[in-house]
Amino acid sequence: MCRRYILKIDKILEHFKILYNEINVKTPISVSYDITKRCNLNCKHCYNNISEEDDYLDSIEKMNLLVDKLAELNIIEVTLCGGEPLISDYILEIVRKLKSRDIAIRIITNGIMLDSYIEDFVELLDDKDVIQISIDEPLHITLDQRYHSQNIKAKVYNNLSVVAKKLENVIANITPTKLNQSHIVDIVTDCADHNAKYISSTPYIPIRGEKADLIKPDYSYLYFVEKKIVEICKKRNINYLGGISGHPCQQRGHIEVSSELRTCKYRSCDAARTNMHISSNGSIFPCVFFQNEDFVISDIRNDSNKILNDFKKFNLLENVILPEKCQNCDRLAICNGGCVGLIYSRTGSILNVDPRCEY
């Protein structure tokens with residue numbers, strides 16, 4: 001078996017989620033933040049809409065206020081995403097400020113600009129922080145160039161090689177799609193050759209409407225791809241964090257579910273319960289996949305007390321009953337009814353079945 005490993009910050013977050021659930025406390029402990037909408041790529045599978053709109057974070061003063069509010073809310077971890085977070089003029093300043101308030105950081109980047117920041121990140125980040133490098137296909141070059149041209153490979157993979165030597169928690173992450181599914185074994189092998197200690201995958205979320213289904217991967221094929229990935233990771237002493245074969249509602253084959261996990265008739269999700277998302281314009285949403293203007297929780301311009309009160313009053317999933325199909329599914333204990341943001345974006349209601357479900 002391939003080694004299974006849970007990152008230190010994920011263990012901490014899970015502890016608090018279980019605790020708050022047991023005592024029925026609703027409060028944000030993790031935040032994702034689109035520090036900018038700008039990006040140096042335009043990947044076809046990306047759930048976010050890349051744009052040149054103005055970012056909320058456009059001054060040191062705003063940055064200090066934002067981090068102070070997050071600290072007052074007792075946020076444990078902030079995920080810096082986008083867009084491409086390393087494009088932001090304030091990336092280093094916000095990392096320094098977050099660490100000064102003892103807030104863990106997860107940076108999700110395509111890795112292209114990482115070489116300009118490696119030494120700073122080595123100085124600033126600790127064993128609770130994570131750098132996740134998305135190894136995915138940009139549209140402006142062909143897949144053959146992306147994975148087989150030495151010039152293209154050098155930029156991302158060499159950055160991975162250097163930073164993975166210097167920092168503990170560097171993850172190479174892959175989002176399988178129809179466009180790259182036949183290259184995934186090669187990608188993982190390349191990552192292994194460039195010092196990757198962690199391989200993970202984010203299952204594809206077709207959040208941009210029916211056209212997004214056109215690049216949905218073949219999950220029967222990915223079932224066998226994942227078996228090869230597990231073998232590679234075992235031989236190369238790499239921690240495989242899962243996800244290649246898709247969300248539990250898509251995966252082929254038998255899934256082991258602990259007897260301790262019990263099914264429930266209500267939706268279970270971290271969105272607007274222990275997690276919230278800050279958009280690049282300052283609006284606060286339930287999660288990064290649920291950025292709908294009808295579901296704005298608050299605004300980062302508000303003081304921390306108002307944000308917390310708005311969060312506690314926001315009612316997204318309280319006593320929302322699952323569809324009967326989900327209630328009777330043996331995968332519910334690990335699926336939790338699917339992605340609420342995706343369900344709403346595709347069906348207009350959070351009461352429906354996840355459109356990815358194949359059971």
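Cut-offs and rules
Residues numbered from 1 in each chain as written. Predicted model: local features only at pLDDT ≥ 70, side-chain atom pairs only at ≥ 80, totals over all residues. Heavy atoms only, no water. Helix = DSSP H or I, 4+ residues; strand = E, 2+ residues; numbered from the N terminus. Buried < 20%, exposed > 50% of the residue type's maximum accessible area, 1.4 Å probe, protein only. Contact = heavy atoms within 4.5 Å. Core = buried A, V, L, I, M, F, W, Y, C linked by side-chain atoms within 4.5 Å. Pairing = 2+ DSSP bridges. Axes fitted to C-alpha atoms, helices over the stretch in contact; angles between N-to-C directions. Right-handed = clockwise from strand over helix to strand, strands pointing away.

Asks: Whenever I open this one, the environment of Cys 335 confuses me. Can you help?
Replies: For Cys 335, the location among the structural elements is in helix 11 (residues 332-335). In this structure Cys 335 comes out as buried when scored by relative accessible area, which is 13%. Between the C-alpha atoms of Cys 335 and Cys 269, which are 66 residues apart in sequence, the distance is 9.8 Å. Here Cys 335 is in contact with His 247, Pro 248 and Cys 249, once residues within four sequence places are set aside.

Asks: Can you walk me through the nonpolar core in this structure?
Replies: Within soluble globular proteins, side chains that are nonpolar generally end up buried alongside one another. Ranked by internal contacts, the top residues of the largest apolar core, which has 80 residues, are Tyr 33, Leu 70, Leu 80, Ile 94, Val 95 and Phe 121. Here this core takes six residues from helix 8 (residues 219-235), the largest share from any one element. Excluding its chain neighbours within four sequence positions, the residues that come into contact with Leu 70 are Val 31, Ile 75, Val 78, Leu 98, Ile 103, Met 276 and Ile 278. In this structure, Tyr 20, Ile 29, Ile 76 and Ile 171 belong to the second largest nonpolar core, which totals 10 residues.

Asks: Where do I start with the sheet that holds strand 3 (residues 104-109) in this structure?
Replies: What links the strands of a sheet is backbone hydrogen bonding, and the strands pair in either a parallel or an antiparallel sense. Read across the sheet, 10 strands follow the order 7-6-5-4-3-2-1-8-9-10 without closing on themselves; strand pairing throughout is mixed. What marks the edges here is a single partner per strand, and that holds for strand 7 (239-240) and strand 10 (298-299). Where strand 1 (residues 30-36) meets strand 8 (residues 275-278), four bridges bridge the pair, whose relative direction is parallel. Pairing of Val 31 across the sheet is with Met 276, part of strand 8. Packed onto the sheet, helix 7 (residues 184-193) meets strand 5 (170-174) and strand 6 (198-201) and runs at close to 170 degrees relative to strand 5.

Asks: Looking at this model, I keep getting lost on the pairing of strand 4 (residues 130-134). Mind explaining?
Replies: In regular strands, side chains alternate between the two faces of the sheet. With five of five residues buried, strand 4 is to be regarded as a mostly interior element. Alternating positions in strand 4 separate into two faces, Val 130, Gln 132 and Ser 134 on one and Ile 131 and Ile 133 on the other, with burial throughout. Of the pairings in the sheet, the one linking strand 3 to strand 4 comprises four bridges and is parallel in character. Bridging across to strand 4, Ile 107 finds its partner in Ile 131. Crossover handedness for the path strand 3 to helix 4 (residues 118-124) to strand 4: right-handed. Pairing of strand 4 with strand 5, which is carried by four bridges, proceeds in the parallel orientation. Considered in strand 5, the bridge of Ser 134 is made with Asn 173.

So yeah, pure geometry; function would need other evidence.
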